[in-house]
Amino acid sequence: MHHVKDTPTKSELAQQELGPGDTLDLENYDPYAEFGGEEERRKLEKRLLLKLDLRMSILIIIYILNYIDRNNASAARLRGFETDLGLKGEQFATILSILYVGYILMQVPSNMLLAWMGKPSLYLPICVAIWGTISILTGITQNFVGALLTRFMLGFVEAAFFPGALFLLSKWYKREELGLRTALLYCGNLISNAFGPLIAAGILDTMEGKLGNRAWRWLFFIEGAMTVFVAILAIAILPDFPETSRFLSPAERKLAILRMAEDTGKTDQQAVGEGVFVGFKLAMLDNKVWMLALGLTAQVVGLSFNAYFPTLTSTLGYSRTISLLLCAPPWFFATICAFVWARHSDKTLERTWHITASLCIGLVGFIIGMSTQITGARYVALFLQAQSYSGFICYFAWMSNSIIRPVSKRAVALAFINAFSQLGNVAGSYVWSDHWKPSFLNSYAITTSCFGAALLIIFSFRLVLMRINKQIEAIEAVYPGDPWDAPTEDGEPRDEALNVKRGFRYAL
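Keep in mind that what you see is a predicted model, and the values were worked out from it rather than measured.

With that out of the way, let us pick up the overall build of the protein. Of regular secondary structure, the protein possesses 20 helices and 0 strands. For the protein, buried positions account for 57% of its 508 residues. Residue pairs in contact within the protein that sit at least 24 positions apart in sequence constitute 80% of those at least 6 positions apart. Accessible area of the protein: about 20600 Å², with a carbon and sulfur share of 65%.

Structure (structure tokens):
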């Protein structure tokens, strides 16, 4: 007669495979048994993160190229782009803003498709290759309509990358790791603002008239070709999700899944195609998602000087080439600030004050910019304004930390928040009008107001999370297990924000 075990041992629990949506019994579960002890697991986790970081690093290169391709029209503007295409009035601003129409429309469907496919190593690089090709085609346009169409299509395919990259990072990294990785990804944006003008200056100064083409056309040809080349490399480098990636050993894959389960109490694994539209509904009905979207939009308008940085440096009174070169130092400074700021935010698991301090420093830059015409002071103001991205990046980590489950909801929420915020880029395209040069007093007044609105929303969101944390504490005070297992008074399902493991608190 065989003896049947009612309760598995800790070692047997460690060997169990985790299914879709399974919950770990963290009180009985031994997180080290399968890996040979705590020290061996720590070594394995270190190797896993190193492997993962090396592969994810290509996202930084892609993001650099993403913003170079998006912002090269501003550099081309200094070398005949407007004249050759016969642009008049606000047509250049329209060419910049039209990109965000497709960008806004496609982000949520794109992340829903990515969550359903489960193959970011194919989906994202294909989109990157397509936008690189479209960027090349911008170089052959002959008029306003041609440029408008290529920029419109560019927005459609670029929409896949950033929310898809955020979603991919959130599938691999724990809460205390996510801020730094988000910062490193977004440093691609900041570095592109530094290197983009340097690359543009080199191309625009050396390629004029080559093979009968203007230098600004070569700018689109060369930078678009670089993007296509990196996209091909990304197919072999970029990982899929933890459950399906092939570059990991079985032990590493199990550890990757368990890390995320230990962080929130459930695995991210889902059946293919399951829950995507449910996730959309949950995201749209969550007030936190809308608050985050409004806060991010206000910051995006405030940061709209990004696309017009060459125009701002040109008001300092130097030559076109020097104006492009002057763009680089503020963005190198911003990159260093963002890295240090995000790392400290991760270590302390604090978001609000890291975000607000950075935005307040940016406000000082705006005030200096609108109140003086002294060249040195205005250039220093650009450094202060550029470092505002440190807070902006911490905000992205806060978004991922605050929308945790289910995974389909997180995919839609991250895409929707980022897509909604691009309305700020549409508006921002008209904030820095040539009519307001050289002081840009009205422009700075608008960005100052938007940062003020963002600060109000940030503090309001902090209060919402504090209230949720108190609700979790109240449940734990009367129920000995995990809050998601606690019964409700009326028997109705509780807010999914409260469906967390015991001891979990939202980062403030």
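Here the narrative resumes.
Now for empty space enclosed by the protein. All chains considered together, the criterion is met by 6 cavities of 30 Å³ or more. Along the walls of the largest cavity sit 25 residues, with Tyr 67, Arg 70, Tyr 100, Asn 306 and Asn 425 positioned nearest its centre. Listing elements by their share of the lining of the largest cavity, those giving two or more residues are α2 (38-76), α4 (91-117), α18 (389-402) and α19 (407-428). Ranked by residue count, the leading element in the lining of the largest cavity is α19, at 5 residues. When the residues that make up the lining of the largest cavity are grouped by side-chain class, the tally is 14 nonpolar, 9 polar and 2 charged. In this model, the second largest cavity occupies a volume close to 180 Å³. Along the walls of the second largest cavity sit 18 residues, with Asn 71, Ser 192, Gly 196, Pro 197 and Pro 310 positioned nearest its centre. Mapped onto the lining of the second largest cavity, the elements with two or more residues apiece are α2, α8 (175-206), α9 (215-237) and α13 (309-314). For the lining of the second largest cavity, the element with the highest residue contribution is α2, accounting for 6 residues. For the lining of the second largest cavity, the per-class residue count stands at 10 nonpolar, 7 polar and 1 charged.

Topologically, Glu 177 is positioned in helix α8. Counting along the chain gives 169 residues from Glu 177 to Asp 346, while the straight-line C-alpha distance between them is 6.5 Å. Excluding its chain neighbours within four sequence positions, the residues that come into contact with Glu 177 are Leu 49, Arg 259 and Asp 346. A distance of 2.7 Å separates polar atoms of two side chains, one belonging to Glu 177 and the other to Arg 259.

Right, let's get into the packing of aromatic side chains. Under the defined criterion, the tally for this structure stands at 38 aromatic pairs. Both rings, one in Phe 162 and one in Phe 396, keep their centres 5.0 Å apart while their planes meet at 85°; by these two values the pair is edge-to-face. On the criterion of sequence distance, the pair formed by Phe 162 in helix α7 (residues 161-172) and Phe 396 in helix α18 is long-range, its members being 234 residues apart. Of the two residues, Phe 162 and Phe 396, both sit in the buried class. Measuring from centroid to centroid gives 5.9 Å for Phe 366 and Tyr 444, while their planes differ by 45°, and the two rings are tilted. In this pair, Phe 366 is assigned in helix α16 (residues 352-371) and Tyr 444 in helix α20 (residues 441-478), connecting sequence segments 78 residues apart. Assessed through its relative accessible area of 0%, Phe 366 is described here as buried. Positioned above the aromatic ring of Phe 241 is the side chain of Lys 171, whose terminal nitrogen or guanidinium carbon lies 4.8 Å from the ring centre.

What follows is about the packing of α18 against α19. As a packed pair, α18 and α19 sit with axes 10 Å apart at the nearest point and diverge in direction by 150°. When the interaxial angle is binned, α18 and α19 end up roughly antiparallel. Crossing angle aside, the handedness with which α18 passes α19 is right-handed. For the pair α18 and α19, contact is made by Phe 396, Met 399 and Ser 400 and by Arg 410, Leu 414, Ile 417 and Asn 418, respectively. Its residues placed into classes, the contact of α18 with α19 shows 4 nonpolar, 2 polar and 1 charged.

Turning next to the confidence of the model for the protein. Regions with low pLDDT should not have their predicted coordinates read in detail. Summarising the model, the protein shows a mean pLDDT of 83, and 89% of its residues fall at 70 or more. Scored below 50 in pLDDT, residues 18-24 makes 25 contacts in the model with residues more than four places away or belonging to other chains. Contacts for the low-pLDDT stretch residues 269-274, under 50 throughout, to residues beyond four places or in other chains number 11 contacts.

This part is about the pattern of salt bridges. Summed over all chains, the structure comprises 19 salt bridges. Here Arg 462 ties to Glu 350 by a salt bridge, and the two come within 4.0 Å at their closest N and O atoms. Linking Arg 462 in helix α20 with Glu 350 in the loop between α15 (328-348) and α16, this pair joins segments that are 112 residues apart in sequence. Each member of the pair, Arg 462 as well as Glu 350, carries the same accessibility label: buried. Notably, a salt bridge pairs Arg 505 with Glu 473, separated by 3.7 Å at the nearest N-O pair. Taken as a pair, Arg 505 in the segment after α20 and Glu 473 in helix α20 lie far apart in primary sequence, 32 residues in all. For Arg 505, a relative accessible area of 24% puts it in the partly exposed group. Connected through shared salt-bridge partners, Arg 41, Glu 45, Lys 174, Glu 177 and Arg 259 make up one network.

Moving on, we come to the packing of α2 against α4. To characterise two packed helices, one gives the angle between the axes of the helices and the distance between these axes. Here α2 crosses α4 at 170°, and the two axes come no closer than 10 Å. Here α2 is positioned roughly antiparallel relative to α4, judged by the angle of their axes. For the pair formed by α2 and α4, the contact residues are Arg 70, Ala 73 and Ser 74 on the first element and Phe 92, Leu 96, Leu 99, Tyr 100 and Tyr 103 on the second. Residues that form the contact of α2 with α4 fall into these classes: 6 nonpolar, 1 polar and 1 charged.

The next subject is the side chain of Arg 217. By the secondary structure assignment, Arg 217 is in helix α9. For the buried residue Arg 217, which engages in no salt bridge, the nearest side chain bearing the opposite charge is Asp 84, 5.4 Å off. Dropping the residues within four chain positions of it, Arg 217 is found in contact with Leu 85, Gly 139, Ile 140, Thr 141 and Gln 142.

Here the phi dihedral of Leu 211 falls at roughly 55°; this positive angle occurs in a residue that is not glycine. For Leu 211, the position within the fold is in the loop between α8 and α9. Owing to a relative accessible area of 75%, Leu 211 belongs among the exposed residues under this scheme. With a phi close to 50°, Leu 349 is a non-glycine residue in the positive phi region. Looking at where Leu 349 falls in the secondary structure, it is placed in the loop between α15 and α16.

Thresholds, definitions, all that
Residues take numbers from 1 onward in each chain, read along the sequence in its written order. Given that this is a predicted model, residues contribute local features only at a pLDDT of at least 70 and side-chain atom pairs are listed and counted only at 80 or more, while totals for whole chains, interfaces and linings are drawn from all residues. Only hydrogens and water are set aside when side-chain values are computed; all heavy atoms of the structure are taken into account. Every helix listed is a DSSP run of H or I at least four residues long, and every strand listed is a run of E at least two residues long, numbered separately from the N terminus. The rule is simple: take the accessible area with a 1.4 Å probe, protein chains only, and divide by the maximum for that residue type; under 20% is buried, over 50% is exposed, in between is partly exposed. Between two residues, a contact is recorded if the distance between any of their heavy atoms is within 4.5 Å. The Shrake-Rupley method, run with a 1.4 Å probe, gives the accessible areas here. Residue values count only the displayed protein chains as cover. Put plainly, a pocket is an open set of points on a 1 Å grid over the protein atoms alone with protein on both sides within 12 Å along at least five of seven lines, a cavity is a set where a 1.4 Å probe fits but cannot get out, and a lining residue has an atom within 4 Å of a point. Grid points are joined across faces, edges and corners, and a volume is the space filled by probe spheres set on the points. Amino acid classes used here: Ala, Val, Leu, Ile, Met, Phe, Trp, Tyr, Cys and Pro are nonpolar; Asp, Glu, Lys and Arg are charged; the rest, including Gly, are polar. Polar contact is the term for a pair of N or O atoms within 3.5 Å; when the atoms are in protein, one must be able to donate a hydrogen and the other to accept it, and sequence-neighboring residues count only if both atoms are side-chain atoms. Put simply, two rings from Phe, Tyr or Trp (the six-membered ring, in Trp's case) pair if the centres are within 6.5 Å, and we call them stacked under 30 degrees between planes, edge-to-face over 60, tilted for the rest. Lysine and arginine charges are scored as sitting over a ring when NZ or CZ, respectively, is within 6 Å of the ring centre and within 35 degrees of the ring normal. Note on definitions: angles span 0 to 180 degrees between N-to-C directions of axes, and those axes are lines fitted to C-alpha atoms, for helices only across the stretch in contact. Throughout, the term roughly parallel applies to angles under 35 degrees, roughly antiparallel to angles over 145, roughly perpendicular to angles from 65 to 115, and oblique to all others. Crossing handedness follows the turn of the near helix against the far one: under a right angle anticlockwise gives a left-handed crossing, and clockwise gives a right-handed one. Across the chain, each position has a pLDDT score giving the predictor's confidence in that residue, from 0 to 100. Just to be clear on terms, a salt bridge is a Lys or Arg side-chain nitrogen sitting within 4 Å of an Asp or Glu carboxyl oxygen. In summary, the charge assignment counts Lys and Arg as positive and Asp and Glu as negative, without counting His or the chain termini.

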